[in-house]
Amino acid sequence: MSKYLNHMTTVMLFTIASLTAHANTADEEQQAAANNTPVIETLAVNVDENSFSCIREMSPVRHFYVDNLLGDIESTLAAANNPKGAKYPTGSVVQLVPTEVMVKREPGTSPATGDWEFFELQVDEKGSTIAKRGFVDVNNRFDGNCFTCHAPAREPWDFICESDHGCESIPIDHSMTGALQRSDPRCGEAVPQSGDWMALFKLKAMVTVGTTMKWVKETF
Ligand code: HEC
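The structure presented is a predicted model; accordingly, all values stated were derived computationally and were not measured.

Describing the overall build of the protein
Turning to step 1, where the next piece is worked out: Counting its secondary structure elements, the protein contains six helices and six strands.
Turning to step 2, where the next piece is worked out: Listed N to C, the secondary structure of the protein is α-β-β-α-β-β-β-β-α-α-α-α in terms of helices and strands.
Turning to step 3, where the next piece is worked out: The contacts in the protein between residues at least 6 apart in sequence include a share of 43% that link residues at least 24 apart.

A word on the pairing of strand S4 (residues 100–104)
Regular strands place their side chains on alternate faces of the sheet.
Turning to step 1, where the next piece is worked out: With four of five residues buried, S4 is to be regarded as a mostly interior element.
Turning to step 2, where the next piece is worked out: Relative to S4, strand S3 (residues 92–95) runs antiparallel, the two being bridged by three bridges. Counted as the bridge partner of Gln 95 is Val 101 from S4.
Turning to step 3, where the next piece is worked out: Between the antiparallel neighbours S3 and S4 lie four residues.
Turning to step 4, where the next piece is worked out: Alignment of S4 against strand S5 (residues 116–124), held across five bridges, turns out to be antiparallel. Its bridge partner lying in S5, Met 102 is registered against Phe 118.

Things to note about the site of the ligand
Turning to step 1, where the next piece is worked out: As a structural note, the neighbourhood of the ligand is formed by 26 residues, with Leu 96, Gly 144, Cys 146, Cys 149 and Cys 161 the closest of them.
Turning to step 2, where the next piece is worked out: Contributions of two or more residues to the shell around the ligand are made by S3, S4, S5 and helix H3 (146–150).

Looking at the sheet that holds strand S2 (residues 64–68)
Strand pairing in a sheet relies on backbone hydrogen bonds, with the paired strands running either antiparallel or parallel.
Turning to step 1, where the next piece is worked out: Taken in spatial order, the six strands make up an open sheet running S1-S2-S3-S4-S5-S6, and their pairing is antiparallel. The open sheet terminates on both sides in strands that have one partner only, identified here as strand S1 (59–61) and strand S6 (127–134). Along the sheet, successive strands turn relative to each other by an average axial angle of 30°, direction set aside.
Turning to step 2, where the next piece is worked out: Both S1 and S2 contribute to a ladder of three bridges, which runs antiparallel. Following the sheet pairing, Val 61 is matched in S2 by Phe 64.
Turning to step 3, where the next piece is worked out: Along the sheet face, helix H2 (residues 73–80) touches S1, S2 and S3 and points at about 145° away from the line of S2.

Describing the nonpolar core
Turning to step 1, where the next piece is worked out: Val 66, Val 93, Val 94, Val 101, Met 102 and Val 103 are the most contacted members of the largest nonpolar core, which totals 27 residues.
Turning to step 2, where the next piece is worked out: Top element by residues in this core is S5. It accounts for five residues.
Turning to step 3, where the next piece is worked out: When residues no more than four places from it in sequence are discounted, the contact partners of Val 103 are Val 45, Val 47, Leu 69, Val 93, Glu 117 and Phe 119.

Considering the confidence of the model for the protein
Turning to step 1, where the next piece is worked out: Averaged over the protein, the pLDDT score is 86; the fraction of residues at 70 or greater is 81%.
Turning to step 2, where the next piece is worked out: Residue range residues 8–24 is modelled with pLDDT below 50. Its contacts to residues more than four positions away, or to other chains, number zero contacts.

Comments concerning unusual backbone geometry
Negative phi is the rule for most residues except glycine; trans is the rule for most peptide bonds.
Turning to step 1, where the next piece is worked out: Looking along the chain, the bond that leaves Glu 155 and enters Pro 156 is cis, with omega of -5°.
Turning to step 2, where the next piece is worked out: Following the sequence through the fold, Pro 156 ends up in helix H4 (residues 154–157).
Turning to step 3, where the next piece is worked out: Look at Asp 158: it is not a glycine, yet its phi comes out positive at around 55°.
Turning to step 4, where the next piece is worked out: Within the secondary structure, Asp 158 sits in the loop between H4 and helix H5 (174–182).

Things to note about the environment of Asn 145
Turning to step 1, where the next piece is worked out: Among the structural elements, Asn 145 can be located in the loop between S6 and H3.
Turning to step 2, where the next piece is worked out: We classify Asn 145 as partly exposed; it has 14 C-beta atoms within 10 Å.
Turning to step 3, where the next piece is worked out: Sequence spacing of Asn 145 and Phe 118 is 27 residues, and the spatial spacing of their C-alpha atoms is 9.8 Å.

The rules behind the values
- Residues numbered from 1 in each chain as written.
- Predicted model: local features only at pLDDT ≥ 70, side-chain atom pairs only at ≥ 80, totals over all residues.
- Helix = DSSP H or I, 4+ residues; strand = E, 2+ residues; numbered from the N terminus.
- Contact = placed C-beta atoms within 7 Å.
- Buried ≥ 20, exposed ≤ 12 C-beta atoms within 10 Å, placed from the backbone.
- Pairing = 2+ DSSP bridges.
- Near = placed C-beta within 6 Å.
- Axes fitted to C-alpha atoms, helices over the stretch in contact; angles between N-to-C directions.
- Core = buried A, V, L, I, M, F, W, Y, C linked by C-beta atoms within 7 Å.
- pLDDT = per-residue confidence, 0-100.

Here is the structure:
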């Protein structure tokens with residue numbers, strides 16, 4: 001009998017405990033509603049090599065491409081097309097060439113870079129491999145720091161340089177970036193336009209000169 005009573009007491013205590021717990025949650029919800037503080041749920045932006053594929057399957061904006069890993073491509077396009085500049089929404093992906101990517105991570109991830117994570121990819125017919133990723137300390141293959149170069153465009157362009165947002169210009173013009181987009185190996189067959197061969201040839205020469213210069217600097 002006493003065993004039975006003990007058991008009943010446990011059951012009752014348990015029931016009271018769960019009711020109280022429930023009441024607390026309801027209280028907190030009411031409190032939050034009274035303070036007008038919305039419960040913000042931030043979806044995680046998980047980025048791995050499968051997050052990236054053929055650049056031409058992204059949405060074109062002027063001479064670059066955008067996407068959104070959380071599916072909110074409308075908000076990303078709205079930011080990219082705002083003539084006054086705007087903050088890109090979480091999950092945004094921006095690419096000018098197949099091997100360099102900016103991804104907008106969760107709010108508060110990296111205040112210095114406006115929550116942008118920078119990626120340097122290696123791409124081939126099989127897909128993408130992440131060579132480098134990070135926030136303030138990622139360099140591209142010419143040894144230039146992504147963040148330092150993009151920082152002048154912080155306000156109001158949210159670090160997006162384009163041609164006239166205050167960044168130091170790069171020696172790669174849009175005939176070259178276009179040629180690289182049309183020959184992204186992850187897309188299958190290249191879709192060259194006239195002039196692409198020359199643009200890629202010039203680019204290759206520049207990369208060779210750049211690499212040689214780096215080698216000269218390091219060696220002598
Ligand atoms: C020497 C300065 C410099 C460095 C280093 C640099 N960028 Fe850029 N980046 C630019 C400029 C300038 C543009 C705009 C080019 C244009 O469209 O005329 C640009 C364009 C881009 C774009 C297209 C959107 C935009 O801002 O116009 C992305 C994405 C990008 N860069 C990512 C990167 C990543 C990732 C790295 C590092 C791995 C990197 N960049 C390194 C200067 C730089």
